[in-house]
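Structural overview for review
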Amino acid sequence: MHIGPYSFAEFVELAKSFHGFPAPGVLIGGFMVALAQRQVPTGVLYDAISETQKCLPDAVQLLTPCTMGNGWLRVLPLGRYAVTLYDKFQGQGWRVFVDPDKLGAWPAIKEWFLKQKPKKQQDTPALMDQIRQAGSQICSLASVQVRPEWLAVLPERKFSICPRCGEAFPAADGLICLGCQGQAPYVLIEKSIGPVEKPNLRSVPVEDAVGHKLLHDLTLIVPGVSKGPAFRRGEVITAGDLCRLHQMGRQHVYLMPRNPPEDDWIHEDQIAALFGQAMAGAGVEVQGPPQEGKVNLVAAHSGLLIVDQDRLQRFNLVPEVMCASRKGYRVVEKGQVVAGTRAIPLFLAKRYLEPALELLSAGPLFAVKPLRPAQVGILVTGTEVFRGLVEDRFAPLIAAKVQKYHCPVIDSLIVPDDREEICQAVQRLLAAGCDLLVTTAGLSVDPDDLTRQGLIDAGVTDLLYGAPILPGAMTLLARLGSVPVIGVPACALYFRHTSFDVLLPRLLAGVAINRQDLAALGHGALCQECSTCTFPHCQFGA
């Protein structure tokens, strides 16, 4: 019985030298890999996929050119004892797996494979003998086609130097390496690159500070009343200030240095000013000079706050800097604070400043988009409403919500549950100058709910039906040319706020909404139906 070019005894010794001991999984894996190899046509270059991390990858590396190091072997933690060899260009492959239905004649293998007995109670000599005799008889073979995305040649990765540990890492992992992001499985006891040394600052007792200038703002906090700078950077300390400084708990202060710190260090106020200017995009401005080492960004006009969440998170991974903001996609008023940023220490090392500024060089983190006063057309669907059997409550409800954003309703139509009637009503609203179409009801699973079909007949595109928002799961989004369309489900008649309230500001700001955007809303889109509603000052839709 051979395993590839090796006798069984030779492969046992090979497994022992490579794997550490002749594990049953490696030996069975050898038979599996050899069976797959026999299916591969001569001259075909192949890659390998192992569906388990245990033992089987070593059998692949012992018998084929495919290894973890050269990237031709991919190990997927699917938990199945299976291996696939496939044409690395065409994707045609052959999958071999241990078939439980074939283990009946091999009780020792079955006990080992299905973990029916603890390892100490297994008959190891019988197990090894049955593995040798069974060979590939315990395996099944299937032809497979590997998906195209697994055939793509991965581009050569760019590397950066991590500003925290000083080691090289793939740039795609972020601004700092994954280890410094908390994924390292150990804690360093000694580091060849220690923490950055701080500049030599002048700290003196407050009594000795009289007649000298302060290096930074000194904050006074009156609990529950106020918080702000009691003394400003550059202010000269007088004898009359000593009592107040003692009351503030200040026994020592930093003074302006006789010689400024080296170029490798930047004061917190300079840092805050740099960050503020770089982060502020259209509709956002920096609120005055830095105070207490921090600057705030405020809305230059009312509108929808847009936050580059991915880059904000990456910015906050850079050591010793921070930025905090309001939730994105919320309506803000002119002058409202939308974000604040600063350096954590009094002086920031340039080695930390540079990656932070490099990230910000790709563009601002914050913008405020104005909300347009859309010309709203309302289409109410429902035979019972059309016939006067039920009073229409939808049109006034929608009108009140859009008028809050200064959007006039140019027309409101009521049509029965009829595809043709719905389609024709849509055309009439467009002809009247509607540039935001709101349809109501008819979006459920009942056979009479035909709103969606009528909109399709009218020619909508980019249709999205269903959203992870409660209430409002059966929301519809689409476009008719340049006109946004939103379908409001009947739940809006009962709940005070629904998906319509969450999505309307985005539509008025001209923000495109795709399936991924809707999926992201799922976290935070469960209304708590509070007895006292505070929306939008709550987590719903955040």
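Quick caveat, the model's predicted, so the values are computed rather than measured. Residues take numbers from 1 onward in each chain, read along the sequence in its written order. Two thresholds apply to this predicted model, a pLDDT of at least 70 for residue-level local features and 80 or more for giving and counting side-chain atom pairs, whereas whole-chain, interface and lining totals are computed over all residues. The basis for every side-chain value is the complete set of heavy atoms in the structure, and neither hydrogens nor water enter the calculation.

Once that is clear, we can look at the nonpolar core. Of all hydrophobic cores here, the largest spans 41 residues; its most connected members are Ile28, Met32, Ile109, Ile131 and Ile138. Contributions of two or more residues to this core are made by helix H1 (8–19), helix H2 (24–37), strand S3 (46–50), helix H3 (56–63), strand S5 (82–87), strand S6 (92–98), helix H4 (107–113) and helix H5 (124–134). If one sorts the elements of this core by residue count, H2 sits on top with 8 residues. Here, nonpolar core means buried Ala, Val, Leu, Ile, Met, Phe, Trp, Tyr and Cys residues that are tied together by side-chain atoms lying within 4.5 Å of each other. The cut-offs for exposure are 20% and 50% of the maximum accessible area for each residue type, with area from a 1.4 Å probe on protein chains only; residues under the lower value are buried, those over the upper are exposed, and the others partly exposed. To qualify as a helix, a DSSP run of H or I must reach at least 4 residues; to qualify as a strand, a run of E must reach at least 2; elements of each kind are numbered from the N terminus.

We define a salt bridge as a side-chain nitrogen of Lys or Arg found within 4 Å of a carboxyl oxygen belonging to Asp or Glu. Applying the stated criterion across every chain yields a total of 15 salt bridges. Here Lys117 makes a salt bridge to Glu111, at a shortest N to O gap of 3.6 Å. Relative accessible area serves as the criterion here: at 21%, Glu111 is assigned to the partly exposed category. In this structure, Arg132 and Asp129 form a salt bridge, with 2.7 Å as the shortest nitrogen-oxygen distance. Here the residue Arg132 and the residue Asp129 both occupy positions in helix H5, the gap between them amounting to 3 residues, near one helical turn. Judged by relative accessible area, Asp129 falls into the partly exposed class, the value being 29%.

Any two cysteine sulfur atoms within 2.5 Å of one another count as a disulfide. Using the criterion set out here, one finds 0 disulfides in the structure. The structure places no disulfide on Cys423, whose sulfur is separated from the nearest cysteine sulfur, that of Cys434, by 14 Å.

Summarising the element assignment, Thr64 is placed in the loop between H3 and strand S4 (73–75). Distance and chemistry together define a polar contact, namely a pair of N or O atoms within 3.5 Å, with one atom able to donate a hydrogen and the other to accept it when in protein, and with adjacent residues in sequence counting only for side-chain atoms on both sides. One polar contact links the side chain of Thr64 to the main-chain carbonyl oxygen of Val60, over a distance of 2.8 Å. For Thr64, the side chain forms a polar contact with the main-chain nitrogen of Cys66, separated by 3.0 Å. With residues near it in sequence (within four places) discarded, Thr64 still touches Val33, Gln37 and Tyr46. Residues are treated as being in contact if the distance between any of their heavy atoms lies within 4.5 Å.

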